[in-house]
Amino acid sequence: GTTSTSFTTRDTSIQGAYAGVSASGSLLMTGAASFGSPSGLFHISSSGTFATLVADFSPYSGGVAMNESGDVFIGYSDATGSGNDNNIYRYSNAQIAAAIAGTPLDFAAATYVGNLGVSGSLAYDPVENRLYAAGWQLGSGIAALDLDTNETYTHTLPGDGNYAVTTFSDGSNGYVGWVSRSGWMGGDTVTYGYDFASSLPVPEPSTALLLTAVLTSAMFRRNRCHA
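Reading guide: rules and limits
Residues numbered from 1 in each chain as written. Predicted model: local features only at pLDDT ≥ 70, side-chain atom pairs only at ≥ 80, totals over all residues. Heavy atoms only, no water. Helix = DSSP H or I, 4+ residues; strand = E, 2+ residues; numbered from the N terminus. Buried < 20%, exposed > 50% of the residue type's maximum accessible area, 1.4 Å probe, protein only. Areas by Shrake-Rupley, 256 points an atom, 1.4 Å probe, with all protein chains shown as cover. pLDDT = per-residue confidence, 0-100. Contact = heavy atoms within 4.5 Å. Pairing = 2+ DSSP bridges. Axes fitted to C-alpha atoms, helices over the stretch in contact; angles between N-to-C directions. Salt bridge = Lys/Arg side-chain N within 4 Å of Asp/Glu carboxyl O.

1. Focus on the overall build of the chain
Each helix and strand counted, the chain has 2 helices and 15 strands in total. The buried share of the chain, reckoned over its 227 residues, is 39%. Approximately 12500 Å² of the chain is accessible, and the part contributed by carbon and sulfur atoms is 53%.

Dropping the structure here:
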């Protein structure tokens, strides 16, 4: 609330820091330990203790988010044709805690969550239990993954692309916020906005399941008639 606010600086030892999420005064970050090296997952405590949690996660850096249980979601970013590009993976709270204590993780320890076609920015919505993803791969919009149903949906929004997505609460309601810019240079147009998390619908799986059941029933009856 004031321009005279002082900030505490910490040495992260990351030359290519990309994305971060705060948790109880500490910070989880994706990025490269040195320019040209693969992207990893790192942690710095409120006291300034730095730890490498995953040294080599993906060729390039993706977004990172955390749910209320302390599970960490991280986006895989790749352009080498490995088949993992834009996949979203999860490390459990227990895995993260062990890595902070000194037992580093590797890519194989991660659990696959889903693929939203974009991995540049991730955010978790505790109200609807959804993951949101955005970035240059998707362009004008944000993608959502309902973690209860595994249903996905893309929300088209005003702006030119290069989106970043976030979630927040005012104490009563949950919101999804987003920002986009028209390019990568200074002076580009910036567009931003937010909405209630409950206003961004993800298709319910019941509709698709009901349609499948109707078609299956129709085929069964037809086969019996011709038997």
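Here the narrative resumes.
2. With respect to the confidence of the model for the chain
Residue-level pLDDT values for the chain average 83, and 89% of them are 70 or greater. A low-confidence stretch, residues 206-227 (pLDDT under 50), is modelled with 0 contacts involving residues beyond four sequence positions or located in other chains.

3. Brief notes about the pairing of strand β3 (residues 39-44)
Burial runs high along β3: 6 of the 6 residues are buried. Note that strand β2 (residues 26-32) and β3 share 6 bridges and pair antiparallel. Paired with Leu27 across the bridge in β3 is Ile44. As consecutive antiparallel partners, β2 and β3 are separated by 6 residues, and within that stretch Gly36 has a phi angle of approximately 95 degrees, a positive value. Of the pairings in the sheet, the one linking β3 to strand β4 (residues 50-58) comprises 5 bridges and is antiparallel in character.

4. A short note on the sheet that holds strand β8 (residues 111-115)
With antiparallel pairing, the 4 strands of this open sheet are ordered in space as β5-β6-β7-β8. One side of each edge strand has no neighbouring strand; the edge strands of this open sheet are β5 (64-66) and β8. When the angles between neighbouring strand axes are averaged without regard to direction, this sheet yields 25 degrees.

5. Digging into the pattern of salt bridges
Considering all chains together, one arrives at 3 salt bridges under this definition. Between Arg130 and Glu128 there is a salt bridge, with its nearest N and O atoms 3.9 Å apart. For Arg130, a relative accessible area of 7% gives the class buried. The closest approach of N and O atoms between Asp188 and Arg181, which form a salt bridge, is 3.5 Å. Linked through salt bridges whose partners overlap, the residues forming this network are Glu128, Arg130 and Asp146.

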